[in-house]
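Descriptive structure summary
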Amino acid sequence: MYATAIKTASLSAADFRSDTVTRPDEGMMAAIQAAPVGDDVYGDDPTTSKLEAVAAEMLGKESGLFLTSGTQSNLAGVMAHCNRGDEYLIGKTYHIYAYEAGGTAVLGSIVPHPLPVDHRGALAAEDIVAAIKPNDSHVPITRLLCVENTVNGMAQSQSYMDEMANLAHDHGLKAHCDGARLMNASVALGVSAKELVKGYDTVSLCLSKGLGAPAGSVLVSDHETITRARRLRKMLGGGLRQSGILAAAGLYALEHNIEGLAEDHRRARHLVSKLDALDGITVNVEAVETNMIFIRFGDDRASIPDTALTELAPFMADHNITITPGRVMRCVVHRDINDADIDALVDALSAFIARYAD
Ligand SMILES: Cc1ncc(COP(=O)(O)O)c(C=O)c1O
């Protein structure tokens, strides 16, 4: 009876909705099984402490903190920099502002100031400078600049990352990087993650996206900021006990799964080249730099009505493919997608479009 009420994707389907759908492989499960654990709220969990140290070292910072999710890691990061009534500047499409349930405002009483982003997901220096408030008791104190990398799969370059961090510091702001998929950016650009974020005061890295761990993110910064974030994590309900079970998966991901992101990127490019040959859809060909592809249904060549799009997900499910339907459909390639899955997606999309060709 409950089975009908619970919405689950078929576990055998090729799932293109997100890189969060990956499942731990055998090696990761073995690492989880073998992990020494203790109570991390007492600071006793050796595996969690090791993960925090490894992540901090990888990202060139003094200290790390394991948190339950990217959302919690970003929230603790923003709250570690800002007091109640302070303000942070951020791209209006960025995850912290748009998709984290307004947590910084609700739980931190911190005011977001959303800024435009360009076609590559980048902020403009002049918008940032114009948004920084003067020292005037009528307005909030601008405290922080939040940058994201990757943005919708687009890798933000070293020069852009440096420019943003320097701009923030020149104006007395701190700089936070939501690096949920920072390793994708690093692999795509051929630049170390440490170098990419060298100017940032805090960086949040997700372990449960393309890196393949079942849960968790790491926030890295200097000792003092991480001490504040650790207190905030407790307040936010994120103090875990034998967290080494999860941290072991994260450590395994950092040690074994970064290189494989290049393979995801190669598959994404291959998918784009195959899709580009189909009539009836357009693909963001130029902007596929890592593992995300955006497919738009209906263009000059053919028109697919809105009603048809409601049939897209069930049609794909019949082909053992899971997608998030929409006029613009995001497809994400990850370690649980293979070459045959790419071919199956192209064939199914081709069959779907053919229904509306005339
Ligand atoms: C760019 C970005 N930042 C942060 C997050 C939040 O991560 P989580 O889902 O682990 O809370 C996501 C999730 O998809 C994301 O895409």
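Residues numbered from 1 in each chain as written. Predicted model: local features only at pLDDT ≥ 70, side-chain atom pairs only at ≥ 80, totals over all residues. Heavy atoms only, no water.

1. What about the site of the ligand?
Filter applied, for reference: When at least one non-hydrogen atom of a residue lies within 4 Å of a molecule or strand, that residue is treated as near it. For the purposes of these results, a polar contact is taken to be a pair of N or O atoms within 3.5 Å, where, inside protein, one atom must be able to donate a hydrogen and its partner to accept one; residues adjacent in sequence count only when each atom of the pair is a side-chain atom. Here the accessible surface of atoms and residues is derived via Shrake-Rupley with a 1.4 Å probe, and residues count as covered only by protein chains that are part of the display. In this text, helices come from DSSP runs of H or I with a minimum length of four residues, and strands from runs of E with a minimum of two, each type numbered from the N-terminal end. By the convention adopted, Pro, Cys, Tyr, Trp, Phe, Met, Ile, Leu, Val and Ala count as nonpolar, Lys, Arg, Asp and Glu as charged, and the other residues, Gly among them, as polar.
Surveying the vicinity of the ligand reveals the residues Ser69, Gly70, Thr71, Asn74, His95, Glu100, Glu148, Asp178, Ala180, Arg181 and Lys209. Within the side chain of lysine 209, an N or O atom sits 2.9 Å from an oxygen atom of the ligand. Starting from 390 Å² of accessible surface for the ligand in isolation, the protein chains cover 80%. Here the shell around the ligand gets three residues from one element, more than from any other, and that element is helix α4 (residues 70-81). Looking at the shell around the ligand, its residues break down into one nonpolar, five polar and five charged.

2. Thoughts on unusual backbone geometry
The omega angle of the peptide bond from asparagine 149 to threonine 150 is 5°, so this bond is cis rather than trans. Inspection of the secondary structure puts threonine 150 in the loop between β5 (142-148) and α8 (158-170). Not every positive phi belongs to a glycine, and asparagine 152 is a case in point at roughly 45°. Note on placement: asparagine 152 falls in the loop between β5 and α8.

3. With respect to the sheet that holds strand β7 (residues 202-206)
We apply this condition: Being paired, for any two strands, means DSSP has found at least two bridges between them. Every axis corresponds to a line fitted to the C-alpha atoms, with the helix fit spanning only the stretch in contact, and the corresponding angles, defined between N-to-C directions, vary from 0 to 180 degrees. The contact definition used throughout considers only heavy atoms, calling two residues in contact when any of these lie within 4.5 Å.
Spatially, β2-β8-β7-β6-β5-β3-β4 is the arrangement adopted by the seven strands of the open sheet, whose pairing is mixed. Pairing within the sheet leaves two strands with one partner each, and these edge strands are β2 (63-67) and β4 (111-115). Neighbour-to-neighbour, the strand axes of the sheet open up by a mean angle of 20°, direction not taken into account. Sitting on the sheet, helix α3 (residues 46-58) is in contact with β2 and β8 (217-221), with an inclination near 125° to β2.

4. Let's talk about the pattern of salt bridges
Our working definition: Any carboxyl oxygen of Asp or Glu within 4 Å of a side-chain nitrogen of Lys or Arg constitutes a salt bridge here. Three exposure classes are used, based on accessible area relative to the maximum for each residue type with a 1.4 Å probe and protein chains only: buried under 20%, partly exposed in between, and exposed over 50%.
Applying the stated criterion to the full structure yields 20 salt bridges. For arginine 335, the salt bridge identified is with aspartate 25, shortest N-O distance 3.1 Å. Separated by 310 residues along the polypeptide, arginine 335 in the loop between β12 (328-332) and α16 (339-354) and aspartate 25 in the loop between β1 (14-15) and α2 (26-34) bring together distant segments of the chain. Glutamate 263 serves as the salt-bridge partner of arginine 266, at 2.9 Å between the closest nitrogen and oxygen. Placement of both arginine 266 and glutamate 263 in helix α13 (residues 261-275) is noted, with a separation of three residues, approximately one turn of the helix. The class of glutamate 263 is partly exposed, set by a relative accessible area of 34%. Overlapping salt bridges, with partners in common, bring together Glu263, Arg266, Arg267 and Asp339 in one network.

5. Considerations on the packing of α13 against α16
Here is the rule: Angles are sorted into four bins: roughly parallel if under 35 degrees, roughly antiparallel if over 145, roughly perpendicular if 65 to 115, and oblique for all others. Two helices cross in a left-handed way if the nearer one is turned anticlockwise from the farther one by less than a right angle. They cross in a right-handed way if the turn is clockwise.
Interhelical geometry of α13 versus α16 gives an angle of 25° and a closest axis separation of 10 Å. What the angle tells us is that α13 and α16 run roughly parallel. In this structure, the crossing between α13 and α16 has a hand that is right-handed. Where α13 abuts α16, its residues Arg266, Arg267, His270, Leu271, Lys274 and Leu275 lie against Asp339, Ile342, Asp343, Leu345, Val346 and Leu349.

6. Quick look at the pairing of β5
As a reminder of what qualifies: Crossovers are described as right-handed under a simple rule: with the strands pointing away from the observer, the path leading from the first strand over the helix to the second runs clockwise.
The buried fraction of β5 is high, at six of seven residues. When strand β3 (residues 87-91) meets β5, the two strands line up parallel, connected through four bridges. Note on β5: the bridge partner recorded for glutamate 87 is threonine 142. By the bridge criterion, five bridges tie β5 to strand β6 (residues 174-179) in an arrangement that is parallel. Counterpart to leucine 144 in the pairing with β6 is lysine 174. Running through α8, the crossover from β5 to the neighbouring parallel element β6 is right-handed.

7. With respect to helix α9 (residues 182-189)
Taken as a whole, α9 has its buried residues at Leu182, Met183, Asn184, Ala185 and Ser186. Residues of α9 that are buried in the fold lie against α3, β6, α10 (193-196), β7 and α13. Positive backbone phi, at 70°, marks glycine 190, one or two positions downstream of α9.

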